[in-house]
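# Structural description and commentary
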Amino acid sequence: MVAEHRGHADLAEPAERALTAAIRRLISDAHGLALRDVLLVPPGRVPRTSSGKIARAACRDRYLAGDYGKALAR
């Protein structure tokens, strides 16, 4: 999962870990899914269509190409 964090440009590492753990738990509880990766990226990094919707295919392509980097993976 790739998600923009809007609170601060850079989350402190403990806050980032807590947020990703909460995301994993909520997705698991709601949908019964185990996420492989949770990537938190700064605002503006998730591609959007001209109408402002998330461009899911472009986001997936960036993820698979490694454009988001593994340093943010939790």
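Right above here is the structure, for reference.
So, here's what we can say about the structure. (Residues numbered from 1 in each chain as written. Predicted model: local features only at pLDDT ≥ 70, side-chain atom pairs only at ≥ 80, totals over all residues. Heavy atoms only, no water.)

### Some points on the overall build of the chain
Selection criterion: Labels follow the DSSP assignment, with helices taken as runs of H or I lasting at least four residues and strands as runs of E lasting at least two, numbered in each case from the N terminus. Exposed residues in this analysis have more than 50% of their type's maximum accessible area, buried residues have under 20%, and partly exposed residues fall in between, with area computed by a 1.4 Å probe over protein chains only. Throughout, a contact is declared for two residues whenever any of their heavy atoms are within 4.5 Å. Reported accessibility uses the Shrake-Rupley method at a 1.4 Å probe radius. Residues are deemed covered only where the shown protein chains occlude them.
A tally of regular secondary structure across the chain gives two helices and two strands. Taken over 74 residues, the chain has a buried fraction of 23%. Of the contacts formed within the chain by residues at least 6 apart in sequence, a portion of 59% connects residues at least 24 apart. With an accessible surface of roughly 5,100 Å², the chain has 56% of that area assigned to carbon and sulfur atoms.

### Comments concerning helix α1 (residues 13-31)
For clarity, the cut-off: In this scheme, a helix's expected span is set at 1.5 Å multiplied by one less than its residue total. Directions are taken from the helix axis to each C-beta atom, and the arc is the one they span.
Here α1 contains 19 residues, and its C-alpha end-to-end distance of 27 Å stays within 8% of the 27 Å for a straight helix at 1.5 Å per residue. Within the span of α1, buried status applies to E16, T20 and I23. Seen along its axis, α1 keeps its buried residues to an arc of 55 degrees; they face one direction. Among the exposed residues of α1, those pointing more than 90 degrees away from its buried face are P14, L26 and D29. Positive backbone phi, at 70 degrees, marks G32, one or two positions downstream of α1.

### Let's talk about the pattern of salt bridges
Spelled out, the test is: A pairing counts as a salt bridge when a side-chain nitrogen of Lys or Arg comes within 4 Å of a carboxyl oxygen of Asp or Glu.
What the rule picks out here adds up to two salt bridges. Among the salt bridges present, the one from E4 reaches R48, with a minimum N-O distance of 3.6 Å. Here R48 lies in the loop between β2 (39-41) and α2 (56-65) and E4 lies in strand β1 (residues 2-4), a separation of 44 residues in the sequence. Residue R60 pairs with D61 through a salt bridge whose shortest N-O separation is 3.7 Å. Relative accessible area serves as the criterion here: at 47%, R60 is assigned to the partly exposed category.

### Describing the nonpolar core
Just so we agree on the cut-off: Each nonpolar core is a collection of buried residues, namely Ala, Val, Leu, Ile, Met, Phe, Trp, Tyr and Cys, held together in the definition by side-chain atoms within 4.5 Å.
In this structure, L39, V41, V46, C59 and Y68 together form the largest nonpolar core, which totals five residues. Apart from the residues within four sequence positions on either side, Y68 is in contact with V2, L39, V41, R45, V46, P47, C59, R62 and Y63.

By themselves, these observations are geometric and do not establish any function.
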